[in-house]
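Here's the letter readout for the chains.
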Amino acid sequence: MEFDVAILGGGAAGLMAAARLSERGGLSVCVIEGNAKPGAKIRISGGGKCNLTNVSVSENNYLGDEILVRSILKRFDEHALLKWVRARGCEPVVRKKRYYFCPRSAQEMIDILVNSAIETRFFLGDRIEYVRKEQGGFLVTTDKRTLSARNVIVATGGVSYASVGATDVGMKVAESFGIETVPFRPALAGMTLQKEQFWMKALTGISFPVTISVGEKRLREDMLFAHRGISGPAVLSASLYWEKGTLSIDFLDGRSVESLLKGGGNKKIATALPLPKRFVTEFLAVLGVDDKPCSSVTPEEKTALQAFNAYTFAPAGTFGFTKAEVSKGGVACGALQPFSCESRAVKGLYFVGEVVDVTGELGGYNFQWAFASGRCAADHIGGGLKLR
Ligand SMILES: Cc1cc2nc3c(=O)[nH]c(=O)nc-3n(C[C@H](O)[C@H](O)[C@H](O)COP(=O)(O)OP(=O)(O)OC[C@H]3O[C@@H](n4cnc5c(N)ncnc54)[C@H](O)[C@@H]3O)c2cc1C
């Protein structure tokens, strides 16, 4: 069997590439997917409602090469994605003034993608094994067949959530062609604690807004104390930028502890601070300060209480690939053309979506990247970068 384009992986990026190639028409296209149904990660995403994009997306929301990310996103940004989805009868809803979700279920997004890929031949339940170069194109070998294709789009994603079919075959394909890769690591995952922070485990279930600083990055969202450590959107996004070493949490999310104590008068500290009482009581014990009237706090205690605005510690690690929403790392950005995600070294071979060393924060950024990069590769193969 011969195709103009073989798309490896029927997830977000691969389905968008197939949809775009179908819209353009004129090329024979196949999608090879290991699962019996395409879009497994879309189905479980966003609590079953798929957070497909964000009200504001820029290269600053990603870990990855700025030039590549900016160049791809500008070709298919959040507005273009929303327009595309709305034109297919789905009106995404905004939650927390930031996140766009499918109105009813993530299946709506899968249906839109699959129904837009009408010209595509699907090989479902085929495990991709390897890709070889041949005269004028490539040979793709699965556990069931060998296909020949003039172009190959590798959209096999990362390795987190192996339970829904994730594999590292995309990395292996890149490496077999001598293309540089960066090892996958878990990201958008909860974090485990060293024993000095085990006091947090007693607070399981408590959640409130915080600001977490990791290096130059500031992440403002909710944090959740969990049985295994710390979690919640702020921690998940912080895990993207954290490798090893310390991070710092402002439990008061920008409000100064000093001013709150000043305004607290004779109120006790745990009443004056706008935080869950259980948390304040536990944290005061860690800081060695009694829960006393704000007016009687000593200068030394004031210094210790600064930790409410900047509690700095080194997490032990992350919850790992089984719980991580994404894998950071992947095919090195520098190995790809910034306008198409085509390999600089191997013409006709493209890498899109999570298999590329570009990873977004929590909030729809990873789907936006997957959709935009899949579409750019399709447009480049179709030969019409200007087409919108
Ligand atoms: C629980 C969870 C919730 C998430 N929620 C969100 C969210 O709300 N918003 C957001 O932006 N991101 C979310 N993400 C991240 C998002 O799902 C991914 O970043 C995105 O799906 C990446 O798209 P992709 O096409 O690159 O990879 P995928 O969507 O993972 O697609 C890759 C496809 O390749 C197939 N494949 C892999 N190896 C092989 C092989 N050897 N043979 C055949 N097929 C193979 C897989 O089965 C899969 O279908 C979530 C992730 C998880 C795990």
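Residues numbered from 1 in each chain as written. Predicted model: local features only at pLDDT ≥ 70, side-chain atom pairs only at ≥ 80, totals over all residues. Heavy atoms only, no water.

Participant: Would you explain unusual backbone geometry in this entry?
Facilitator: The general pattern is negative phi for most residues beyond glycine and trans for most peptide bonds. Positioned with a positive phi, Lys96 is a non-glycine residue whose angle comes to about 50°. Of note, Lys96 is situated in the loop between β5 (93–95) and β6 (99–101). Take Lys96: its relative accessible area is 47%, and that puts it in the partly exposed class. The backbone of Leu188 sits at a positive phi, close to 55°, despite the residue not being glycine. For Leu188, the location among the structural elements is in the loop between β11 (181–187) and β12 (191–192). (Helix = DSSP H or I, 4+ residues; strand = E, 2+ residues; numbered from the N terminus. Buried < 20%, exposed > 50% of the residue type's maximum accessible area, 1.4 Å probe, protein only.)

Participant: It is not clear to me how the pattern of salt bridges should be interpreted in this structure. Could you clarify?
Facilitator: Here the idea is simple: oppositely charged side chains can pair when their charged atoms come close. For the coordinates displayed, the defined rule picks out 20 salt bridges. Across the pair Lys292 and Glu301 runs a salt bridge, and its minimum N-O distance is 2.8 Å. One exposure class covers both Lys292 and Glu301, and it is buried. One network of salt bridges, in which partners are shared, links Arg20, Glu23, Arg24, Arg88 and Asp379. (Salt bridge = Lys/Arg side-chain N within 4 Å of Asp/Glu carboxyl O.)

Participant: How should the site of the ligand be read in this particular structure?
Facilitator: In the neighbourhood of the ligand, 32 residues make up the surrounding shell, with Ala13, Glu33, Thr167, Glu354 and Phe367 lying closest. Asn35 places a polar side-chain atom, nitrogen or oxygen, 3.3 Å from an oxygen atom of the ligand. The side chain of Glu354 places a nitrogen or oxygen atom 2.7 Å from an oxygen atom of the ligand. Taken by itself the ligand offers 990 Å² of open surface, and the protein chains cover 95% of this. For the shell around the ligand, the elements supplying multiple residues, two or more each, are α1 (12–24), α2 (40–44) and α12 (365–382). Of all the elements, α12 adds the most residues to the shell around the ligand, at four residues. Here the residues of the shell around the ligand are counted per class, giving eleven nonpolar, 15 polar and six charged. (Near = heavy atom within 4 Å. Polar contact = N/O pair within 3.5 Å; in protein donor to acceptor, adjacent residues only side chain to side chain. Areas by Shrake-Rupley, 256 points an atom, 1.4 Å probe, with all protein chains shown as cover. Nonpolar A, V, L, I, M, F, W, Y, C, P; charged D, E, K, R; others polar.)

Participant: Help me understand the domain arrangement of the chain, please; the structure alone is not making it clear to me.
Facilitator: If you check the domain split of the chain, you get domain 1 (2–186 + 323–382) and domain 2 (191–318). In this structure, domain 1 and domain 2 have C-alpha centres spaced 38 Å apart. Counting from both sides, the interface comprises 16 residues of domain 1 and, opposite them, 15 residues of domain 2. Between domain 1 and domain 2, roughly 1100 Å² of surface is buried when both sides are summed, and carbon and sulfur atoms account for 44% of that area. On the domain 1 side of the interface with domain 2, the three residues burying the most area are Lys328, Glu361 and Leu362, jointly 42% of the side's total. Measuring nitrogen to oxygen at the nearest pair gives 3.7 Å for the salt bridge that ties Glu221 to Arg98. Our count for the contact surface shared by domain 1 and domain 2 stands at ten residue pairs in polar contact (both at pLDDT 80 or more). Mapped by element, the contributors of at least two residues to the side of domain 1 that touches domain 2 are β4 (62–63), β11 and β21 (359–360). (Domains from an automatic or database assignment. Contact = heavy atoms within 4.5 Å. Buried area = accessible area lost by both parts, 1.4 Å probe.)

Participant: Looking at this structure, I do not really get the UniProt feature "domain: RsdA/BaiN/AoA(So)-like insert" (unreviewed entry) in the chain. What am I missing?
Facilitator: Following the UniProt record, one finds the feature "domain: RsdA/BaiN/AoA(So)-like insert" (unreviewed entry) at residues 185–326. With 27% helix and 25% strand, the stretch residues 185–326 has end C-alpha atoms that lie 9 Å from each other. (UniProt positions renumbered as here; feature names shortened; annotations may be inferred.)

Participant: What's the story with helix α6 (residues 169–176) in this structure? I'm lost.
Facilitator: Each full turn of the α-helix corresponds to 3.6 residues, which orients residues three or four apart in the same direction. Those residues of α6 that sit buried are Val169, Gly170, Met171, Val173 and Ala174. Turning to α6, the residues buried within the fold contact β8 (128–134), β10 (146–154), β11, β19 (326–331) and β20 (349–351). The positive-phi residue at the C-terminal boundary of α6 is Gly178, with phi of around 75°.

Participant: Explain the layout of surface pockets to me, please; I cannot follow it from the model alone.
Facilitator: Rolled over the atoms, a probe with the dimensions of a water molecule shows which regions are left empty. Volume-wise, the second largest pocket comes out at about 250 Å³. Together, 17 residues line the second largest pocket, and Arg98, Leu219, Arg220, Glu361 and Tyr365 are the ones closest to its centre. Among the elements of the structure, β14 (217–225) and α7 (233–241) are those that each provide at least two residues to the lining of the second largest pocket. Considering each element in turn, the lining of the second largest pocket owes the most residues, five residues, to β14. (1 Å grid on protein atoms, 1.4 Å probe; cavity = no way out; pocket = protein on both sides within 12 Å on 5 of 7 lines; lining within 4 Å. Points joined across faces, edges and corners; volume = space filled by probe spheres on them.)

Participant: What's the story with the UniProt feature "domain: RsdA/BaiN/AoA(So)-like Rossmann fold-like" (unreviewed entry) in the chain in this structure? I'm lost.
Facilitator: Annotation from UniProt places "domain: RsdA/BaiN/AoA(So)-like Rossmann fold-like" (unreviewed entry) at residues 4–379. End C-alpha to end C-alpha, residues 4–379 measures 13 Å, and it is 29% helix and 26% strand.

Participant: For this particular structure, what's the right way to read the packing of aromatic side chains?
Facilitator: The relative placement of two aromatic rings is captured by the distance of their centres and the angle of their planes. Applying the stated criterion across every chain, the model contains 19 aromatic pairs. Relative to Phe283, the ring of Phe279 lies with its centre 5.5 Å away and its plane at 25°, an arrangement referred to as stacked. Of this pair, Phe279 and Phe283 both sit in helix α10 (residues 277–287), separated by four residues, roughly a single helical turn. An identical accessibility class is assigned to Phe279 and Phe283; each is buried. Summarising the aromatic geometry, the rings of Phe367 and Phe371 are spaced 5.8 Å apart at their centres and angled 20° between planes, so their arrangement reads as stacked. Note that Phe367 and Phe371 are positioned in helix α12 at a spacing of four residues, about one turn of the helix. The same class applies to Phe367 and to Phe371, which are both buried. One aromatic cluster in this structure is built from Trp199, Phe208, Phe225, Phe251, Phe279, Phe283, Phe308, Tyr311 and Phe313. Across from the ring centre of Phe101, 4.0 Å away, lies the NZ or CZ of Arg95, which sits over that ring. (Phe/Tyr/Trp six-rings, centres within 6.5 Å; stacked < 30°, edge-to-face > 60°. Lys NZ or Arg CZ within 6 Å of the ring centre and 35° of its normal.)

Participant: Hey, could you run me through the environment of Gly232 in this one?
Facilitator: Structurally, the position occupied by Gly232 is in the loop between β15 (229–231) and α7. Along the sequence, Gly232 and Val358 sit 126 residues apart, while their C-alpha atoms lie 22 Å from each other. The contact partners of Gly232, leaving out residues within four places of it in the chain, are Asp222 and Leu224.

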